[in-house]
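# Survey of secondary and tertiary structure
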Amino acid sequence: MALLLEGNDGNNKGGHPRTFGKPPPAAASIVVFCYATTHPVAPFAQKRRPAGAAGRQGGGTTIPRMSSASCIAVIDFETTGMVPAQGARATEVAIVLVDREGRAVDRFQSLMKTGAWLPPFIVQLTGITPAMLETARPADAVMREAARFVGDAPMVAHNAAFDSRFWQAELALAGQPAPHAFACTVLLSRRLYPEAPSHQLGRIVDHLGLPRAARAHRALADAEMAAALLGRIQHDLRTRHGIADPGHDLLGALQRCARKGMDQWLARHAMAQRPLPGLATAERPSAP
């Protein structure tokens, strides 16, 4: 569920409290975008899952046997509300693992049974019903499996302030730590694409010409589109700004960079990543 209160920087600092059941002030607007898609995750390339590995889809049971150390985990939650501290719980989680080249290498998706009340308008919005959640796996089991799937990969979400809270809260209820660093594609897209009319997930995807899912309000669809957006951001950092390695550490620093000085900041980092003359390629030993 990509929820974004326009007029703040994706984390609601200085904004209005975002609670369901109350209309937002006239100066703000809450827009909810969730989608379902069969499009590839990244517009550039999509890597096939290694033989013998399988991602978790719904009732599946196999966790991929691959290292997440070189991947980024793009996550999205569907929820009963906005704030875990006010009793909101997750109803669905989806995660897309993306490699350094922006290619999707695996996916995880599951509904979650928490016993929390599901507001009728959330049922109408998402299509997730109490009956579906009644037959879903317990939330603590789903979250432990999700944590194993992510491993030590850093994480990304569209409006990470929202999804990171639910990641931490649901893992805490499952007795699991949540040490993962988050980067936010809302903050990053605002810095790299300031000309976009909106940075809501569906509209920024349209602005950049990325694959747009049919609107169906489900977690995997939003995670797929956020992963495609991440791939485009990394592609543009390489090709437009000369950043050889737009990894998670750089993304986390970039989202905190002021837009006014961003070009100079990127130029310094591009220069720092360039190999020194004579050290770009190691000498090969002579063939026998």
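Let me sum up the structure you'll find in this document.

Calculation notes
Residues numbered from 1 in each chain as written. Predicted model: local features only at pLDDT ≥ 70, side-chain atom pairs only at ≥ 80, totals over all residues. Heavy atoms only, no water. Salt bridge = Lys/Arg side-chain N within 4 Å of Asp/Glu carboxyl O. Helix = DSSP H or I, 4+ residues; strand = E, 2+ residues; numbered from the N terminus. Buried < 20%, exposed > 50% of the residue type's maximum accessible area, 1.4 Å probe, protein only. Pairing = 2+ DSSP bridges.

## Considerations on the pattern of salt bridges
Following the criterion strictly, the structure yields eleven salt bridges and no others. With a shortest N-O distance of 3.8 Å, R144 and D140 are connected by a salt bridge. Here D140 and R144 lie together in helix 3 (residues 139-150), a separation of four residues that amounts to about one turn. Judged by relative accessible area, D140 falls into the partly exposed class, the value being 34%. With a shortest N-O distance of 3.8 Å, D236 and R240 are connected by a salt bridge. Here D236 pairs with R240, and both are found in helix 7 (residues 219-241), just four residues apart, close to one helical turn. For D236, a relative accessible area of 4% gives the class buried.

## Things to note about the pairing of strand 6 (residues 90-98)
In terms of burial, strand 6 is a largely internal element, nine of the nine residues being buried. Two elements, strand 5 (residues 72-79) and strand 6, share eight bridges in a ladder whose sense is antiparallel. Looking at strand 6, one finds that E78 is bridged to E92. Across seven bridges, the pairing between strand 6 and strand 7 (residues 104-111) is antiparallel. Bridging from a neighbouring strand, I95 pairs with F108 of strand 7. Linking strand 6 back to strand 7 in an antiparallel pair, the connection comprises five residues, with G102 at a positive phi of about 80°.

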